[in-house]
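If you want the building blocks of each chain, they are given just below.
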Amino acid sequence: MDEEPMITKDILNKYTEPHRFYHNLGHIGYMIQAIDRTKEYLDFELTTRDREILMEAIIYHDVIYNIRNEDDISNEQKSADYYAEHAPIFEQQVYDMILASEHHFTENEYDELTSYFLDLDLSNLFLENWNSVYLTDVAIRKEYMSKIDSSIVMDGRRKFILNTLSPNIRIRSLKNELFEKKLSENIQCLKNMYGGDN
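Report on the accompanying structure. What you see is a predicted model, and the numbers here were worked out from it, not measured in a lab.

1. Focus on a negative patch on the surface
Move 1: Together, Asp43, Asp96, Asp111 and Glu112 make up a negatively charged patch on the protein surface.
Move 2: Take Asp43: it is sitting in the loop between helix H2 (25-38) and helix H3 (48-60).
Move 3: On the basis of relative accessibility, which here comes to 62%, the residue Asp43 falls in the exposed class.

Pasting the structure below:
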């Protein structure tokens, strides 16, 4: 993996599908920029090789994003399979990192680079203020509302925020008290917005 991964025309087309209000090229660009904003807080040195692996995983991890998954195969699995089929050079580590993005909110433990990748995927929750997090939440809801009734989306989003995100989110790889504080504040704001307890 000697070259920066290229965003092919097909990848570009997928990330610009009309239902993508959050899981689009903006999300990919944000994750890439977040590397420079966070790497100094890692417990390990990010090598050139690590960065190449990260770039591949970031570019491919949401390449498939279907709102209605009617075949019980996750978007993450489909994205990993797309990577395996289309990447110029297949890297097992990249494939495994894409699959790991399905399990943000589990107790699963991962290697340090995968843990960092998972942090980058949710980094707006600890890098940005509440207004930015709120707009992200609105964009995610719009994705679902493009295919599903809004009342169902709101109920599902409320359950996700209160029952899955709030009790299980954690920063896996970065050691920074400000990040932890901002994450806690933003999660509390999300809980308040969706009617959760303080």
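What follows picks up the thread again.
2. Here's the deal with the packing of H3 against helix H5 (residues 92-100)
Move 1: Between H3 and H5, the shortest axis-to-axis distance is 9 Å and the interhelical angle comes to 45 degrees. Taken together, the axis directions place H3 and H5 in an arrangement best described as oblique. When the axes of H3 and H5 are compared, the crossing they make is right-handed. From H3, Ile53, Leu54, Glu56, Ala57 and Tyr60 reach across to H5, where they touch Gln93, Val94, Met97 and Ile98.
Move 2: Tallied by class, the residues present in the contact of H3 with H5 amount to seven nonpolar, one polar and one charged.

3. Observations regarding the nonpolar core
The tendency in soluble globular proteins is for nonpolar side chains to be buried side by side.
Move 1: Judged by nonpolar contacts, the single largest core of 48 residues is most densely connected at Leu54 and Tyr116.
Move 2: In this view, Leu54 contacts Ile35, Leu46, Met97, Leu113, Tyr116, Phe117 and Leu120; residues no more than four positions away in its chain are not counted.

4. Focus: unusual backbone geometry
Move 1: Positive phi values are uncommon outside glycine, yet Asp72 reaches one of about 60 degrees.
Move 2: Mapped onto the fold, Asp72 is located in the loop between H3 and helix H4 (75-86).

Reading guide: rules and limits
- Residues numbered from 1 in each chain as written.
- Predicted model: local features only at pLDDT ≥ 70, side-chain atom pairs only at ≥ 80, totals over all residues.
- Heavy atoms only, no water.
- Patch = residues over 30% accessible without salt bridge, like charges linked within 9 Å, V, L, I, M, F, W, Y side chains within 5 Å.
- Areas by Shrake-Rupley, 256 points an atom, 1.4 Å probe, with all protein chains shown as cover.
- Salt bridge = Lys/Arg side-chain N within 4 Å of Asp/Glu carboxyl O.
- Lys, Arg positive; Asp, Glu negative; His and termini not counted.
- Charge placed at Lys NZ, Arg CZ, Asp CG, Glu CD.
- Helix = DSSP H or I, 4+ residues; strand = E, 2+ residues; numbered from the N terminus.
- Buried < 20%, exposed > 50% of the residue type's maximum accessible area, 1.4 Å probe, protein only.
- Axes fitted to C-alpha atoms, helices over the stretch in contact; angles between N-to-C directions.
- Parallel < 35°, antiparallel > 145°, perpendicular 65-115°, else oblique.
- Left-handed = near helix turned anticlockwise from the far one by under 90°.
- Contact = heavy atoms within 4.5 Å.
- Nonpolar A, V, L, I, M, F, W, Y, C, P; charged D, E, K, R; others polar.
- Core = buried A, V, L, I, M, F, W, Y, C linked by side-chain atoms within 4.5 Å.

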